[in-house]
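Analysis of the macromolecular model
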Amino acid sequence: MKRAQKPALDADGLELGDPSFSRAVIDWQRRHGRHLLPWQNTRDAYLIWLSEIMLQQTQVAAVLAYYARFLERFPTLAALAAAPVEDVMAQWSGLGYYTRARNLHRCAQRVVAEYGGVFPADPLLLAELPGIGRSTAAAISAFSSGTRAAILDGNVKRVFARVFGVDAYPGEKKTELQLWRRAEALLPAQGIESYTQGLMDLGATLCTRGAPDCARCPLQSRCVAYADDRVRELPVRKAKKPSPEKHAILLVIIDRGQVLLEQRPGAGIWGGLLSLPELAGHVLAGGADPAPLDPAALARAVGKFGEIESRESLLPLTHVFTHYKLHIAPLRITLARRLDLAGETGHVWYDGAKIAAAPLPAPVKKLLLELFGDAAAAQARMAF
């Protein structure tokens, strides 16, 4: 019997092509992959692009409801491009990584202005648009136009690291470049849509980080990590650094059933969203104990908006960002007299009963929904 020919290798030992790999992925996806997600079974680049941006760093289960509500508000690319950015941020509120929402809006406006409202099919042109990197551009182009282009998102990196026994952190530049070369070499001549979706599905449903289902994996027979009993070790994790801890005092200034909100700067944490005014911002500290409240600083901060009647410390909460942990100390303040906001641009009094519709960071929205009780909860149920 003729022995199967081994795939050719380059100078780094990477396969230059292996049709059996792509066939295994395509066959599995067509039989067992996901086929009923709302952004599948379409060539509409707008629907595909929106899903790909929402799915960056976010799981499918969390995206589904947001995706449906977003399309109700912005059914077309033109509607999204024409909308105020505040409306876009409000629809995105709670989904996290808010730079995605700002880039989404900018990208829609660019496509309308530069491409007549039609996404280009070329992945290189797509990758130049706001919020669309190389891998996302390839996925959009593959699903909307059938373009033969390689993806390399987090799921695919995990699959490749295990199957090919990659003994280095996939996010390290040299390793990532090698993975890109491998991804391009393994592209099938046909069936790019099923292949691309199959790699995504394998990483999301079988080759997961915490509970891989190797028994059902179509790549098990060729998987180095499985053969060497190293599935739990690969991919190599990034060396951990201690996460800095910061503190912030949030001022919950309430008057006549309204709460004072301020517009966050466009860049940085919670960029572009409304939030509660902060006392001294996110201050770096060594532990979970906040700095003592400075009464003079508090009086100056609130004095621009009115005369303090009472203050009360609310239960603290903690929010974890990508690069640090934030300990939040909310301070509820009622006013004896409210001043005009004419001289305080970037601030607004917001009806507490309508807080569910406000473009707020998730922890701030949760705090205010609890604070304003039944009226806000009823509005939240209507919004969701």
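Reference entry: report on the structure contained in this document. What you see is a predicted model; the values in this text were computed from it and never measured.

**A closer look at empty space enclosed by the protein**
A full pass over the atoms with the stated rule returns one cavity of 30 Å³ or more. What the largest cavity holds in volume is close to 100 Å³. Along its surface, the largest cavity is lined by Arg 162, Val 163, Leu 206, Cys 207, Pro 212, Asp 213, Cys 214, Cys 217, Gln 220, Cys 223, Tyr 226 and Val 231. Among the residues making up the lining of the largest cavity, the classes are represented as nine nonpolar, one polar and two charged.

**Description of helix 9 (residues 154-163)**
Counting buried positions along helix 9 yields eight of ten residues, so the element is predominantly enclosed. At the N-terminal boundary of helix 9, the capping side chain belongs to Asp 153, with an oxygen 3.2 Å from the backbone nitrogen of Asn 155. Residue Gly 165 follows helix 9 closely and has a positive phi angle near 65 degrees.

**Re helix 8 (residues 134-145)**
An ideal rise of 1.5 Å per residue puts 16 Å on twelve residues; helix 8 measures up with 16 Å between its terminal C-alpha atoms. Among the twelve residues that make up helix 8, ten are buried, leaving the element largely enclosed by the rest of the structure. Here the buried face of helix 8 lies against helix 2 (45-54), helix 7 (123-126), helix 10 (173-185) and helix 11 (192-206). One or two positions beyond helix 8, positive phi appears at Gly 146, with a value near 75 degrees.

**Quick look at the pairing of strand 6 (residues 317-320)**
Sheet topology places strand 6 next to strand 7 (residues 325-338); four bridges connect them, and they run antiparallel. Within strand 7, the position partnered with Leu 317 by the bridge is Ile 328. In sequence, strand 6 turns back onto strand 7 through a hairpin of four residues.

**Description of the pattern of salt bridges**
Where charged atoms from two side chains of opposite charge approach closely, those side chains can pair. Tallied over the entire structure, the rule returns 14 salt bridges. Here Arg 110 and Glu 114 are joined by a salt bridge, their closest N and O atoms 2.5 Å apart. Within this pair, Arg 110 and its partner Glu 114 are both found in helix 6 (residues 99-115), separated by four residues, close to a single helical turn. For Glu 114, a relative accessible area of 44% puts it in the partly exposed group. We note a salt bridge from Arg 230 to Asp 167, for which the minimum N-O separation is 2.7 Å. Of this pair, Arg 230 sits in the loop between helix 12 (224-227) and strand 1 (245-255) while Asp 167 sits in the loop between helix 9 and helix 10, and the two are 63 residues apart along the sequence.

**What to know about the layout of surface pockets**
The computed volume of the second largest pocket comes to approximately 500 Å³. Secondary structure elements with two or more residues in the lining of the second largest pocket: helix 6, strand 6 and helix 14 (362-383). Split into classes, the residues belonging to the lining of the second largest pocket amount to eleven nonpolar, nine polar and one charged.

Conventions we followed
Residues numbered from 1 in each chain as written. Predicted model: local features only at pLDDT ≥ 70, side-chain atom pairs only at ≥ 80, totals over all residues. Heavy atoms only, no water. 1 Å grid on protein atoms, 1.4 Å probe; cavity = no way out; pocket = protein on both sides within 12 Å on 5 of 7 lines; lining within 4 Å. Points joined across faces, edges and corners; volume = space filled by probe spheres on them. Nonpolar A, V, L, I, M, F, W, Y, C, P; charged D, E, K, R; others polar. Buried < 20%, exposed > 50% of the residue type's maximum accessible area, 1.4 Å probe, protein only. Helix = DSSP H or I, 4+ residues; strand = E, 2+ residues; numbered from the N terminus. Polar contact = N/O pair within 3.5 Å; in protein donor to acceptor, adjacent residues only side chain to side chain. Expected span 1.5 Å × (residues − 1). Contact = heavy atoms within 4.5 Å. Pairing = 2+ DSSP bridges. Salt bridge = Lys/Arg side-chain N within 4 Å of Asp/Glu carboxyl O.

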